[in-house]
Amino acid sequence: MYPSQRLFFQSAVKLFGEHNSHLAATKRTSAYRLVSFPEQQPLSLSQKNAANKLFSKPTRFLLSIPDPKALPAYRNPEVAFVGRSNVGKSSLINRLVNNSKLVKTSSKPGHTRALNFFDIAGQITLVDMPGYGFRSREEWGELILEYLGTRKQLKRLFILVDASAGLKETDRQLMQMLDDQPLSYQVVLTKRDRLTADAFDKARSEIEQYLVKNAVCCYPQLLATGKRRKAKNHVDQAEEDITSVRWAVMAAAGIKPNVK
Ligand SMILES: Nc1nc2c(ncn2[C@@H]2O[C@H](COP(=O)(O)OP(=O)(O)OP(=O)(O)O)[C@@H](O)[C@H]2O)c(=O)[nH]1
Ligand SMILES: [Mg+2]
């Protein structure tokens, strides 16, 4: 493991300084610099139905891998969920498939300790990963880096970021590593329900600005998730959000339903 990779997964990130200026990600330069992500068309009703339908089909746990030497040779396209410990990776998988018991979650960081593979409708493999940062372990870092460095089936990595905490140095280091590799990723903001609408918009905009300026292989759309809370306009924001994540996972896996 390279020193930068070791640092990335240090359990005691604080010791190495999330605020160490010499570790700050270098800024990328480009002749064609975006100022924001392109505006997204809202999903049509038939697109939403297609995404929700796929994720309502049978889901099953496939395998848990604590050791990078034993990665399984599945054929389906894969998407994986990564992020700091306790950010909500396992909860998001449960929300996607609408089954709170599929993956174990915990309020204690460092709960997921292996790569866990799940089959969705016989068409997509989802991968839940251990977290980095607080209470993480170096061997989990090795496991994740081995997976990211070798996995041909991996179509897109979803990086989860707690909207109320913002981007941390470890998130930036991961993105820089993926940009160098290169490997495609998309950012999902979690715990939206913990912020007011204004505070969430501010957090989203700050993260978007960082990604626009610095991230190379980042898919130019920020997704969001949060626990269910009725928004003022009576649209159930949490349901809209999770449907958008389902659609993004489908699209990343290359599944294109014939709908407009
Ligand atoms: N308020 C709120 N809490 C959430 C949300 N998503 C997850 N949580 C809570 O955050 C805690 C951690 O959730 P997990 O899904 O276990 O997080 P994880 O990223 O898998 O954590 P590790 O496996 O330890 O790395 C749990 O107490 C969840 O209930 C969310 O959208 N909103
Ligand atoms: Mg977990």
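Residues numbered from 1 in each chain as written. Chains lettered and ligands numbered in written order. Predicted model: local features only at pLDDT ≥ 70, side-chain atom pairs only at ≥ 80, totals over all residues.

**Quick look at the overall build of the protein**
Next, step 1: Per the secondary structure count, the protein includes eight helices and seven strands.
Next, step 2: For the protein, the share of sequence-separated contacts (at least 6 apart) that also reach a separation of at least 24 residues comes to 77%. (Helix = DSSP H or I, 4+ residues; strand = E, 2+ residues; numbered from the N terminus. Contact = placed C-beta atoms within 7 Å.)

**Remarks on the nonpolar core**
Next, step 1: If you look at the biggest cluster of nonpolar residues, it comprises 54 residues, and the most contacted ones within it are Phe81, Ile159 and Val188.
Next, step 2: Per element, the largest residue contribution to this core is six residues, and it comes from helix α8 (residues 237-252).
Next, step 3: The residues touching Ile159, leaving out its near neighbours within four places in the chain, are Val82, Gly83, Asp171, Leu174, Tyr185 and Val187. (Core = buried A, V, L, I, M, F, W, Y, C linked by C-beta atoms within 7 Å. Buried ≥ 20, exposed ≤ 12 C-beta atoms within 10 Å, placed from the backbone.)

**Observations concerning the site of ligand 1**
Next, step 1: By nearness alone, 24 residues border ligand 1, and Gly88, Ser91, Thr105, Thr112 and Gly131 come closest of all.
Next, step 2: Considering only residue class, the shell around ligand 1 consists of three nonpolar, 16 polar and five charged. (Near = placed C-beta within 6 Å. Nonpolar A, V, L, I, M, F, W, Y, C, P; charged D, E, K, R; others polar.)

**Observations regarding the environment of Arg192**
Next, step 1: Structurally, Arg192 can be placed in the loop between β6 (185-190) and α7 (197-214).
Next, step 2: Looking at Arg192, the number of C-beta atoms within 10 Å reads 22, which means it is buried.
Next, step 3: The spatial distance from the C-alpha of Arg192 to the C-alpha of Ala238 is 8.7 Å, given a sequence separation of 46 residues.
Next, step 4: Sequence-distant contacts of Arg192, that is, excluding residues within four places in its chain, are made with Ala163, Phe200, Ala224, Thr225, Gly226 and Asp241.

**Concerning helix α5 (residues 138-150)**
Next, step 1: If you check α5, its first and last C-alpha atoms are 18 Å apart, about what 13 residues at 1.5 Å a residue would give, namely 18 Å.
Next, step 2: Along α5, the positions that sit buried rather than exposed are Trp140, Gly141, Leu143, Ile144 and Tyr147. Axial view of α5: buried residues confined to an arc of 160°, hence all on one face. Facing away from the buried surface of α5 by more than 90 degrees, the exposed residues are Gly149 and Thr150. (Expected span 1.5 Å × (residues − 1). Arc of directions from axis to C-beta.)

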